Amino acid sequence: MIIRSNAHTHCDFCDGADSAESMVKAALAHGFSDLGFSCHGYTPFEVEYSLKDSCGDAYRAEIKRLKLLYANQINISCGVEQDFYAPVIRSDYDYLIGSVHYLKDPRRDVYYGVDADQATLAACIDGLFGGDAMTMVEQFYRISVENAIKYQPDIIGHFDLVTKYNDIKLFFDQDSPAYQKIALTALDQAAAVQPIFEINTGAFANGITATPYPEPFLLKSLQKLGGRVMINSDCHSAEQLNSCFADALHLAKECGFRRLSVLEGGKFIEKAI
Ligand SMILES: [Zn+2]
Ligand SMILES: [Zn+2]
């Protein structure tokens, strides 16, 4: 199987480096059947990384222009990546990726991006959780479950993003039964909503994490639960459009999956690996 689409694609309407049309041209060069854009929905507390206008009109207009312009070469979809704390109008988009990027200070209007950098994650653990990383982990996964239940996204984005700057054991021990129990319990609850979980190669392709999200122990559990997975690059540049797809496919097989969800003909369909 060769994956010829990507549903988690950023461009310069949010924090991507390249224009939407550059992403389309890269998709054509790879022989893609489909390309799904998923800019970060307008996020008022961190606008520089998200769509700049709250309604997303300019973004949708450009994707619609490209969809028509390249209609005889590739199927283009206009999705959105919604953060838990920045809901969008779902009917404006072809599909929704639901992600948790931030933990919020309940006492004031401050958000810590768990995927920002190590210093931000450390400040979050110290500032919100009195230095207790495992309590932070519990809160992250509690919100992740709420995200799945409340918004019922088509795709759950990078389910264990909280591990991005943990460097396996910097703040908490990802291999410990305590951590894995928290993550597995949340996975069980989120999977009950029956979304597609993405195998997200973004941080792995950039050498930040040892494996794509989510970690193999979570993928194996998801497979046993009968969950669906798809492979996405979460790319922020044209050159990374399908980075590490072969590695992710190998991982999916190793974790027992025999089918993948893929974006094809503008729809999410199941295909044998
Ligand atoms: Zn994300
Ligand atoms: Zn993303």
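Note: the structure precedes this text.
Computed from a predicted model, the values in this text were never measured in an experiment.

A. Quick look at the coordination of the zinc ion (ligand 1). The coordination sphere of the zinc ion (ligand 1), as far as protein atoms go, consists of Glu81 (OE), His101 (NE2) and His158 (NE2), spread over 2.1 to 2.2 Å. For the zinc ion (ligand 1), the donor residues sit on a single chain with the sequence spacing E-x19-H-x56-H. A separation of 3.4 Å is found between the zinc ion (ligand 1) and the zinc ion (ligand 2), which are bridged by glutamate 81. Here the residue glutamate 81 occupies a position in strand β3 (residues 75–83), and histidine 158 occupies one in the loop between β7 (155–156) and α5 (177–191), the gap between them amounting to 77 residues. Residue glutamate 81 is classed as buried on the basis of its relative accessible area of 1%.

B. How the structure looks around the coordination of the zinc ion (ligand 2). Protein-derived coordination of the zinc ion (ligand 2) comes from His8 (NE2), His10 (NE2), Glu81 (OE) and Asp234 (OD), at a distance range of 2.0 to 2.2 Å. Geometry at the zinc ion (ligand 2) is irregular, judged from its four donor atoms and the angles of 81 to 169° they form at the metal. Of note, the donors binding the zinc ion (ligand 2) are all from one chain and are spaced H-x1-H-x70-E-x152-D. Looking at histidine 8, the relative accessible area reads 0%, which means it is buried.

C. Looking closely at the packing of aromatic side chains. One pass over the structure, following the stated rule, counts 16 aromatic pairs. With a centroid separation of 4.8 Å and an interplanar angle of 85°, the aromatic rings of phenylalanine 45 and tyrosine 102 are classed as edge-to-face. Of this pair, phenylalanine 45 sits in the loop between β2 (34–40) and α2 (57–69) while tyrosine 102 sits in strand β5 (residues 102–105); the two residues are 57 residues apart in sequence, bridging distant segments of the chain. Overall, tyrosine 102 belongs to the buried group, its relative accessible area being 4%. Look at tyrosine 49 and tyrosine 102: their rings are 6.1 Å apart centre to centre, the planes differ by 90°, and that puts the pair in the edge-to-face class. Within this pair, whereas tyrosine 49 is found in the loop between β2 and α2, its partner tyrosine 102 is found in strand β5, the two being separated by 53 residues in sequence. Across this residue pair, the class does not change: tyrosine 49 and tyrosine 102 are buried. Clustering of aromatic rings is evident, with ring pairs tying together Phe45, Tyr49, Phe84, Tyr85, Tyr102, Tyr111 and Tyr151.

D. Geometry of the side chain of asparagine 6. Along the chain, the position of asparagine 6 falls in strand β1 (residues 5–9). Of the residues examined, asparagine 6 reaches a relative accessible area of 0% and is grouped as buried. Here threonine 9 takes part through its side chain, which lies 2.8 Å from a polar atom of the side chain of asparagine 6. Within the structure, the side chain of asparagine 6 is placed 2.8 Å from the backbone nitrogen of serine 233, a separation counted as a polar contact. Ignoring anything within four residues of it in the chain, the contact list for asparagine 6 reads Phe32, Asp34, Leu35, Gly36, Ile231, Asn232, Ser233, Asp234, Cys235, Leu241, Phe245 and Leu263.

E. Molecular detail of helix α4 (residues 133–151). Compared with an ideal rise of 1.5 Å per residue, which puts 19 residues at 27 Å, α4 spans 27 Å between its outermost C-alpha atoms and is within 8% of the ideal. Residues of α4 that are buried include every one of Ala133, Met136, Val137, Phe140, Tyr141, Ile143, Ser144, Val145, Asn147, Ala148 and Tyr151, and no others. For α4, the elements touching its buried residues are β3, β4 (96–99), β5, α3 (118–129), β7 and α5. Sitting at the amino-terminal end of α4 is aspartate 132, which places a side-chain oxygen 3.1 Å from the backbone nitrogen of methionine 134. A positive phi of about 45° marks glutamine 152, the residue just after α4.

F. Local environment of the sheet that holds β3. Within the open sheet, the seven strands sit side by side as β1-β2-β3-β4-β7-β8-β9. Their pairing is parallel. Bordering the open sheet on either side are β1 and β9 (228–232), each of which pairs with just one other strand. Here β2 pairs with β3 via seven bridges, running parallel. Opposite glycine 36, over in β3, you have serine 77 as the bridge partner. Contacts from helix α1 (residues 20–29) reach β1, β2 and β3, with the element oriented near 150° to β2.

Thresholds, definitions, all that
- Throughout, residues of each chain are indexed from 1 in the direction in which the sequence is written.
- To label them, take the chains in the order written and letter them from A, then take the ligands in the order written and number them from 1.
- The model is predicted, so local features are restricted to residues of pLDDT at least 70 and side-chain atom pairs to those at 80 or more, both for listing and for counting; the totals for chains, interfaces and linings are taken over all residues.
- Water and hydrogen atoms play no part in the side-chain values, which are based on all heavy atoms of the structure.
- Coordinating N, O and S atoms are those within 2.8 Å of the metal (3.2 Å for Na, K and Ca), and as water is not part of the atoms, a site may appear to have fewer donors than expected.
- Working definition: helices are DSSP H or I runs of at least four residues, strands are E runs of at least two. Numbering for both runs from the N terminus.
- When a residue's accessible area, from a 1.4 Å probe over protein chains only, is under 20% of the maximum for its type it is buried; when over 50% it is exposed; and in between it is partly exposed.
- Every angle between 85 and 135 degrees makes a four-donor site tetrahedral, while opposite donors more than 155 degrees apart, with all other angles between 65 and 115, make a four-donor site square planar and a six-donor site octahedral; other sites are irregular.
- Within 6.5 Å between ring centres, the rings of Phe, Tyr and Trp (the latter by its six-membered ring) count as paired, and their orientation is classed by plane angle as stacked under 30 degrees, edge-to-face over 60, tilted in between.
- Whenever a nitrogen or oxygen atom comes within 3.5 Å of another N or O atom, the pair is scored as a polar contact, on the condition that within protein one atom can donate a hydrogen and the other can accept it, and that pairs from neighbouring residues in sequence are kept only if both atoms are in side chains.
- Any two residues whose heavy atoms approach within 4.5 Å at even a single point are treated as in contact.
- Expected helix span is taken as 1.5 Å per residue step, with the number of steps being one fewer than the number of residues.
- Two strands pair under a simple rule: DSSP has to find at least two bridges between them.
- To get an axis, fit a line to the C-alpha atoms, keeping to the stretch in contact for a helix; angles then go from 0 to 180 degrees between the N-to-C directions.

From the geometry alone we can't say anything about function, so treat these as descriptive.
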